[in-house]
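# An overview of the molecular structure
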Amino acid sequence: MCATCGCGEDHQHFREDDREHRRHFVRADDHHHHHEDDHHHHRADRARTIAFEEAVLARNQHLAAHNRAELRAREVVAINLMSSPGAGKTTLLERTLASLAGALPLAVIEGDQETQADADRIRAAGGRAVQINTGTGCHLDAAMVGRALEELDPRGGILFIENVGNLVCPALFDLGEAVRVVIASVTEGEDKPLKYPHMFRAAELVLLNKIDLLPYVEFSVDRFAANAHQVNPRARILPLSARSSEGVPAWLGFLRDHSSSDRAIG
Amino acid sequence: MHELALTENILATITERLGDARVVRVRLEIGRLMAVLPDAMRFAFAVCTKDTSLDGARLEIDEVAARGRCRDCASELALDGVVALCPCGSADVELLAGQELQIKEVEVA
């Protein structure tokens with residue numbers, strides 16, 4: 001560091017009042033300084049540091065706020081469903097749509113890297129659906145959901161947003177949803193909440209799917225719940241089976257509560 | 001793998017504000033709880049900035065340690081693992097730091 005100016009770089013000083021241009025030579029460098037009445041050059045002077053202080057995800061958060069306002073105006077409760085691939089999101093949605101059809105307006109945004117298969121399954125179950133193929137993207141973002149909202153044009157009821165199967169990236173991207181739900185299944189490890197704490201920390205409800213398989217797998221619902229509560233003490237945990245329907249009524253009750261409460265409009 | 005998505009956001013944010021000004025350095029602040037790997041971030045940054053106004057820019061990452069406050073006993077604690085567990089036994093810990101994801105400063109040539 002330069003003892004004269006403390007600028008942290010090696011350089012030479014020239015003093016104008018020193019006829020001999022006495023040099024305090026530190027290391028041959030591409031800039032030099034003068035202090036007080038001395039002149040003072042830095043090659044770095046041409047570079048300019050700009051304080052940004054901007055959240056990396058500020059753009060997404062801004063668009064998510066737009067979506068949230070739009071959903072509120074439409075009196076739609078949006079539910080962001082997240083899980084790893086194969087936890088049973090689409091099967092649970094099929095079951096849910098079949099049970100609630102006619103009682104509430106229901107719409108679905110399907111996020112997948114490729115194919116229309118899930119949207120086709122949802123339409124076959126009687127729901128209105130748009131598919132977003134994220135291509136290389138590993139999560140949905142607020143801009144994608146905004147475009148899907150225009151296309152779906154939902155009015156009232158519940159909008160399910162089935163995120164891309166991934167327990168890491170979707171946790172970071174607010175979509176403008178009212179509720180975040182994580183689905184895990186008993187064929188995954190009990191330690192999933194500890195391995196993916198960010199995802200479980202952000203969830204209001206944790207669904208533990210495929211409990212019809214409990215007799216065949218080594219999985220303790222209690223240990224899973226304890227792990228989930230370690231990262232998120234406030235999370236509600238609901239074991240169910242989309243296949244056998246066990247536990248599904250509690251999930252439907254959760255949805256009805258949310259769609260009829262103030263949260264539907266706020 | 002979300003480092004790529006984050007890098008795309010960083011690029012968009014910077015070029016939106018600075019246009020095509022030549023960027024030589026970017027400093028980020030990343031909380032330890034954000035599941036961001038600095039090495040993966042550097043790799044994504046090098047790939048995404050190729051042939052842009054940020055091509056060759058230096059990426060600096062300040063990692064922020066995670067801290068929390070117990071909602072039961074009100075003591076502050078460092079969070080070094082994924083589980084926020086207060087010595088008093090409570091897991092009900094409010095996060096104070098560790099979730100940062102900020103572009104702190106950008107240097108232009």
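Here's what I pulled together on the structure shown here. All values derive from a computational prediction rather than experimental measurement. (Residues numbered from 1 in each chain as written. Chains lettered and ligands numbered in written order. Predicted model: local features only at pLDDT ≥ 70, side-chain atom pairs only at ≥ 80, totals over all residues. Heavy atoms only, no water.)

Moving on to the packing of aromatic side chains. All told, the structure shown has four aromatic pairs over all chains when counted by the stated rule. Here the aromatic rings of A:F200 and A:F224 are separated by 6.3 Å at their centres, their planes lie at 75°, and the arrangement is edge-to-face. Taken together, the positions of A:F200 in helix α6 (residues 197–201) and A:F224 in helix α7 (residues 221–231) put the pair 24 residues apart, joining distant regions of the chain. The class for A:F224 is buried, based on a relative accessible area of 1%. Centroid distance A:F219 to A:F224: 5.7 Å. Interplanar angle 40°. Geometry classified as tilted. Taking relative accessible area as the criterion, A:F219 reaches 11% and is therefore assigned buried. These aromatic residues form a ring-pair network of at least three members: A:F160, A:W251 and A:F254. For B:R17, the ring lying beneath its charged end belongs to A:F52, and the centroid distance is 4.0 Å. (Phe/Tyr/Trp six-rings, centres within 6.5 Å; stacked < 30°, edge-to-face > 60°. Helix = DSSP H or I, 4+ residues; strand = E, 2+ residues; numbered from the N terminus. Buried < 20%, exposed > 50% of the residue type's maximum accessible area, 1.4 Å probe, protein only. Lys NZ or Arg CZ within 6 Å of the ring centre and 35° of its normal.)

Time to look at the interface of chain A and chain B. Often, the extent of an interface is quoted as the loss of accessible area upon association of its parts. Contacts between chain A and chain B engage 29 residues on the former and 32 residues on the latter. Overall, the association of chain A and chain B removes approximately 2900 Å² of surface from exposure, summing both partners, and the carbon and sulfur fraction of that is 60%. Per-residue buried area on chain A facing chain B is highest for A:F52, A:V56 and A:R59; these three make up 25% of the total on that side. Linking chain A to chain B there are four salt bridges. (Contact = heavy atoms within 4.5 Å. Buried area = accessible area lost by both parts, 1.4 Å probe. Salt bridge = Lys/Arg side-chain N within 4 Å of Asp/Glu carboxyl O.)

What follows deals with the sheet that holds strand β7 (residues 128–133) of chain A. Residues and elements named next belong to chain A. In space, the seven strands of this open sheet follow the order β7-β6-β8-β5-β9-β10-β11, with parallel pairing throughout. In the strand order of this sheet, the two ends are held by β7 and β11 (236–239), each with one partner. This sheet shows a mean twist of 20° between the axes of neighbouring strands, independent of strand direction. Along the sheet, α7 makes contact with β9 (179–185), β10 (205–209) and β11, crossing β11 at roughly 155°. (Pairing = 2+ DSSP bridges. Axes fitted to C-alpha atoms, helices over the stretch in contact; angles between N-to-C directions.)

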